[in-house]
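What the coordinates show
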Amino acid sequence: MKKIWTSAIALTAALAAAAPAAAQDAAAADEQSGGFGEIIVTAQKRAENLQDVPISATVLSADQLASRQIFDPSQLQLVAPSLQVKSFNAALGASNFSVRGVGTLSFSNTIEASVTSVIDGVVMGNPSLGFMNYLDLAQIEVLNGPQGMLFGKNASAGLVNITTRRPELGRFDGQVMGEIAQMKVPGDGLLYRLQGIVNVPLGDNAALRVSASQTHTDPVIKNLVAVPGSQYGQDQTSLRAKLLWEPTSQLSIFIAGDYAHSSGVGSGGSADRIVRPTSRFAAENDDLGIVAGPDNFFSSYGAPTRATFDVGGLQANIDYEFASGHTLTSITAWRKFDADNLFDSDKHRINLLDTNHQLSKISQFTEELRLASPVGQFFEYQLGLYYYDSKSDSDITAAGANGLTTPPPAGFEAWVGTRSTGSMTSKSYAAFGQGTLNLSDSFRFTFGGRYTSDKLKLRSVSDASDFVIPLGAAGSRDQRISEENFSWRVGAQYDLTDDVMAYASVARGYKGPGFNLTIDPRAPLIMPEIPTSYEAGIKSTLLDRHLIFNISGYTSTFKNFQAQAFDTASNGYVLLNAGALKSRGFEIEASALPAEGLVFNLGVSYVDAFFSDFQADRCYPFQPDCRANGTVDSSGNRLPNVPKWTVSLTGRYETPVSESLAVFLQGALYARTKSNFSSTEDPNTNLPGYALFDASIGLKQIDDKYKLTLFCRNCFDKRQPTFINSNSQSRGDYYHMFGLNSFRTLGLALEGRF
């Protein structure tokens, strides 16, 4: 612990002079009533009170996220119970969100995400394009169910709407924040984060806002083999600059650019969970003293393992309000992601398949044009056009010795291997609209539709001429897909009282087609995923705004659900369409102010999500009922990594101790029931239910000039993996991976504003 407190003292001294102006929490108490104020969201592309929006949503303010030390996308599930994070391999950017149990069961770049991320109005066509630590946020909205009427590309299962803070006119201020913590990982790993923000006025009608952060994380898995050129921890640098110009009261121009660089595997490292006595890895583990099991956090990677990526983009948002009250909005954006990842495929010192070198480049250009009518009319509407142009290139080399110790014959690179390249282009055109009829002061009817045209092309090439034993066939393949779709939404809402609103809706969504990145002509094209969702709910603000209670129930069916499975015959992953799946359940969101300075936030999610038709799933190793062709009927199985129950409860108490100082205490519980990481319900990939408890105590100046926080995450050190999977290089063996929430973390955070 010595190094953490030494660093903490240095950090405190460096930041102690910082001074502030308080940020407004989206859920702050109303000063007149002493109850909750309005929570403003843009779930329907207008600034509206959350309690008036007929959509199930979880809204998290910047202050709520900061109070839980949440800065990484993988941590978001701790405060949004309907959302889970699915991470499939060590590739950075491979994490995908799921909502109500449904997400993208793949890390391939050749299909879209079922749950889309949107940052400042720009849709991330691939999750990697928005993969960075959270920096200078205003709030995050998790929208449940199909979202396609107003958010650019379709999102078949849900949407994570991220809004950063915009520059503020006529105000010079800033913020400096530092955090340092020690993780209960092998070697007591260190984590630190530094963040700085400055807002500068440029005359009376313009302002510039610049923010930067640096994050370091020591490895969560300790490798016992010294391999030059490896980096098992992770360092990430993020920069963001935003310019707001309002030359007239009708015109607003917002220009932003961001960039992030990351190096190191971070939470992408893995360790043995199951190693059979007859495994080729058993003797190596015995030699190094590694005992495979749920509590194993040691690995023996024998080849260089590292990962780097660069991601960033530019955007321009222009809003013009006409004299009639209509607003015309244009959002033009370009984004790019470059990654260079090198992994030891067999994950051991023995060289079976030591090299897995993945180079990938993804870029996208988008243009959205939207016209919104004034609010308060009998008929309110929004109309829009959307254009999306994306290109994705990949270059993957797999090579190894298959356990041989002699060099390959002259002229060959390795004993076994292959090199695969792929280049995919995707263009999408859409026209959309949504209208609301205000039939009375209490009753409103909403309807919307979206026409989408997708055109995709893929060229894939495989070459194994440099290897003695090729992995797979050589050759090339050209594929094309064109699809048209009309998705829609119809809903109604009724104000039962001034403080209670009921709503119901039905929506048909759409997720575009995709490809298998293989030259095998038998590999299927991936057909569009079509969800139909029914939802009803009640939103209420009670007890003189001291209690917010929202509940929603839903049932959704997905046709041609896009899934991924490991094919033991080809020793690789394949994409396929499951026939159908069903997700049904309910969500509760509640906030209470039982006493002055005391607030509770509760989230409950119940999900019953299962494959109603999945006839040709791929078998897990040695599956008893596996068919001769290596497939199995997984109909009736629950979706991977979907607990039936998830609960998030946070309590916070703040009270003054002098005219200028206040103390605060906070506790948070996150609990979920058991789940399984495999669609086949492989007994070796079961994840038991678990509960995590976080706590913090701190001192702050009442006007928020500074704040000092001592915190612990996962205080009772519940060691839960983020992923369990079979080892493709040793049939019957399994590995697991861990993340930032998987270990107890004790730390100190200091924040100052000026």
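In this report, we go over the structure that sits alongside the text. Numbering of residues starts from 1 in each chain and follows the order in which that chain's sequence is written. Residue-level local features of this predicted model are given only where pLDDT is at least 70; pairs of side-chain atoms are given and counted only at 80 or more, and the full residue set underlies all totals for whole chains, interfaces and linings. The basis for every side-chain value is the complete set of heavy atoms in the structure, and neither hydrogens nor water enter the calculation.

**Quick notes on the overall build of the chain**
Spelled out, the test is: By definition, any uninterrupted DSSP run of H or I lasting at least four residues is a helix, any uninterrupted run of E lasting at least two residues is a strand, and each is numbered from the N terminus. Computation of the radius of gyration draws on C-alpha atoms, with the globule rule given as 2.2 Å multiplied by the number of residues to the power 0.38. In this scheme, a residue with accessible area under 20% of its type's maximum is buried, one over 50% is exposed, and one in between is partly exposed, where area comes from a 1.4 Å probe on protein chains only. Between two residues, a contact is recorded if the distance between any of their heavy atoms is within 4.5 Å. Per-residue and other accessible areas follow the Shrake-Rupley method at a 1.4 Å probe size, with only the shown protein chains counted as cover for residues. In this tally Asp and Glu are treated as negative and Lys and Arg as positive; neither His nor the chain ends contributes. Every charge is mapped onto a representative atom, which is NZ of Lys, CZ of Arg, CG of Asp or CD of Glu.
Across its full length, the chain carries three helices and 42 strands. Against the compact-globule benchmark of 27 Å for 754 residues, the chain has a radius of gyration of 26 Å, which places it among compact chains. Oriented by its inertia axes, the alpha-carbon framework of the chain measures out at about 80 × 60 × 45 Å. By the burial criterion, 57% of the 754 residues in the chain qualify as buried. Of all intrachain contacts in the chain linking residues separated by at least 6 positions in sequence, the fraction that spans at least 24 positions is 69%. Summed over all atoms, the accessible surface of the chain reaches about 29400 Å², with 59% contributed by carbon and sulfur. Mean positive and mean negative side-chain charge positions of the chain (62 and 74 charges, respectively) differ by 4 Å.

**Focus: the pattern of salt bridges**
What counts is decided by this rule: Whenever a carboxyl oxygen of Asp or Glu lies within 4 Å of a side-chain nitrogen of Lys or Arg, that contact is scored as a salt bridge.
Enumeration according to the criterion identifies 27 salt bridges in this entry. For Asp 393, the salt bridge is made with Lys 391, and the minimal N-O distance between the two is 3.9 Å. Relative accessible area serves as the criterion here: at 24%, Asp 393 is assigned to the partly exposed category. Between Glu 654 and Arg 652 there is a salt bridge, and its shortest N-O distance comes to 3.8 Å. Classification of Glu 654 by relative accessible area gives partly exposed; the value is 27%. A relative accessible area of 17% means that Arg 652 is categorised as buried. A cluster of three or more residues bridged by salt bridges with shared partners is formed by Arg 652, Glu 654, Lys 700 and Asp 704.

**Here's the deal with the state of the cysteines**
The test is simple: For this text, the term disulfide refers to a pair of cysteine sulfurs within 2.5 Å.
Applying the stated criterion across every chain, the model contains two disulfides. Cys 619 shares a disulfide with Cys 626; S-S distance 2.1 Å. Across the disulfide from Cys 619 to Cys 626, rotation about the S-S bond amounts to roughly 95°, and the bridge is consequently right-handed. With a sulfur-sulfur separation of 1.8 Å, Cys 712 is cross-linked through a disulfide to Cys 715. Taking the torsion about the S-S bond as the criterion, the Cys 712 to Cys 715 disulfide, at about 75°, is right-handed. Take the cysteines of the chain that form disulfides and number them in order along the sequence; they join up as 1-2, 3-4.

**With respect to the sheet that holds strand S3 (residues 57–61)**
Worth spelling out the cut-off: Paired strands, in this sense, are two strands between which DSSP finds at least two bridges. Between N-to-C directions, angles span 0 to 180 degrees; the directions come from axes that are lines fitted to C-alpha atoms, helices contributing only their stretch in contact.
If you trace the five strands from one edge of the open sheet to the other, you get S3-S9-S10-S7-S8, paired in mixed fashion. Both edges of this open sheet fall to S3 and strand S8 (122–124), since each of them pairs with a single strand only. Strand-to-strand twist in this sheet, taken as the mean axis angle between neighbours without regard to direction, amounts to 20°. Alignment of strand S7 (residues 115–119) against strand S10 (residues 158–164), held across five bridges, turns out to be parallel.

**Looking at unusual backbone geometry**
Of note in this structure, Lys 347 is not a glycine but carries a positive phi near 65°. Positioned with a positive phi, Asp 717 is a non-glycine residue whose angle comes to about 55°. Note on placement: Asp 717 falls in the loop between strand S39 (706–713) and strand S40 (723–726). Here Asp 717 falls in the buried class, since its relative accessible area comes to 17%.

**Re the sheet that holds strand S41 (residues 734–737)**
Within the open sheet, the three strands sit side by side as S17-S41-S40. Their pairing is antiparallel. Each end of this open sheet is capped by a strand with a single partner; those strands are strand S17 (270–274) and S40. Recorded for the sheet is a direction-independent mean angle of 35° between the axes of neighbouring strands. Sheet analysis places S17 next to S41, joined by four bridges and oriented antiparallel. By the bridge assignment, Asp 272 is partnered in S41 with Tyr 735.

**Some remarks on the nonpolar core**
Inclusion rule: Only buried residues count toward a nonpolar core. Its members are Ala, Val, Leu, Ile, Met, Phe, Trp, Tyr and Cys residues joined through side-chain atoms within 4.5 Å.
With 47 residues, the main nonpolar core has Leu 65, Leu 76, Leu 83, Phe 97, Ile 140, Val 160 and Phe 561 as its most contacted residues. Apart from the residues lying within four places of it in its own chain, the contact partners of Leu 83 are Leu 76, Gln 77, Phe 97, Ser 98, Val 99, Val 142 and Val 160. In terms of nonpolar packing, the next biggest core, distinct from the first, is built from 24 residues, Ile 55, Leu 150, Leu 593 and Val 599 among them.

**Quick word on the environment of Met 424**
Topologically, Met 424 is positioned in strand S23 (residues 414–438). Apart from residues no more than four positions distant in its own chain, Met 424 is found in contact with Asn 109, Thr 110, Ser 390, Lys 391, Ser 392, Asp 393, Leu 456, Lys 457, Leu 458 and Phe 515.

**Section: the environment of Ala 695**
Turning to its location among the elements, Ala 695 is positioned in strand S38 (residues 690–701). Classification of Ala 695 by relative accessible area gives partly exposed; the value is 24%. A sequence separation of 26 residues divides Ala 695 from Leu 669, and the C-alpha atoms of the two residues are 8.9 Å apart. Excluding residues that lie within four positions of it along the chain, Ala 695 makes contacts with Gln 666, Gly 667, Leu 710, Phe 711, Cys 712 and Cys 715.

**Describing the packing of aromatic side chains**
Spelled out, the test is: Note on aromatic contacts: the rings of Phe and Tyr and the six-membered ring of Trp form a pair at centre separations within 6.5 Å, being stacked when their planes are under 30 degrees apart, edge-to-face when over 60 apart, and tilted otherwise. For a ring to carry a charge above it, either NZ of a lysine or CZ of an arginine must fall within 6 Å of the ring centroid while also lying within 35 degrees of the normal to the ring plane.
Taken as a whole and assessed by the stated rule, the structure comprises 22 aromatic pairs. A ring pair is formed by Phe 586 and Tyr 606, whose centres lie 5.7 Å apart and whose planes are at 25°; its orientation type is stacked. With Phe 586 in strand S30 (residues 572–595) and Tyr 606 in strand S31 (residues 598–613), the pair connects residues that are 20 residues apart, well separated along the chain. An aromatic cluster is built from Phe 379, Tyr 381, Phe 445 and Phe 447, whose rings are joined through pairwise contacts. For the cation-ring pair, Arg 100 lies above Tyr 554, with the distance from its terminal atom to the ring centre recorded as 4.0 Å.

**What to know about the pairing of S23**
Side-chain positions along a regular strand alternate between the two faces of the sheet. Where strand S22 (residues 379–400) and S23 come together, 22 bridges link them in antiparallel fashion. Bridge pairing in S23 places Lys 391 opposite Thr 425. Two elements, S23 and strand S25 (residues 467–470), share three bridges in a ladder whose sense is parallel. Directly across from Ala 414, in S25, lies its bridge partner Phe 467.

**Regarding the side chain of Gln 175**
Applicable threshold: Residues adjacent in sequence count toward polar contacts only when both atoms are side-chain atoms; beyond that, a polar contact is any pair of N or O atoms within 3.5 Å, and within protein one must be able to donate a hydrogen and the other to accept it.
With respect to the helices and strands, the residue Gln 175 is situated in strand S11 (residues 173–183). According to the relative accessible area criterion, Gln 175 is buried, its value standing at 14%. Within the structure, Gln 175 has its side chain in polar contact with the side chain of Glu 751 (distance 3.4 Å). Sequence-distant contacts of Gln 175, defined by excluding residues within four places in its chain, comprise Gln 195, Gly 196, Ile 197, Glu 751, Gly 752, Arg 753 and Phe 754.

**As for the environment of Gly 35**
On the secondary structure map, Gly 35 appears in the loop between helix H1 (2–15) and strand S1 (40–41). Sequence spacing of Gly 35 and Pro 594 is 559 residues, and the spatial spacing of their C-alpha atoms is 9.6 Å.

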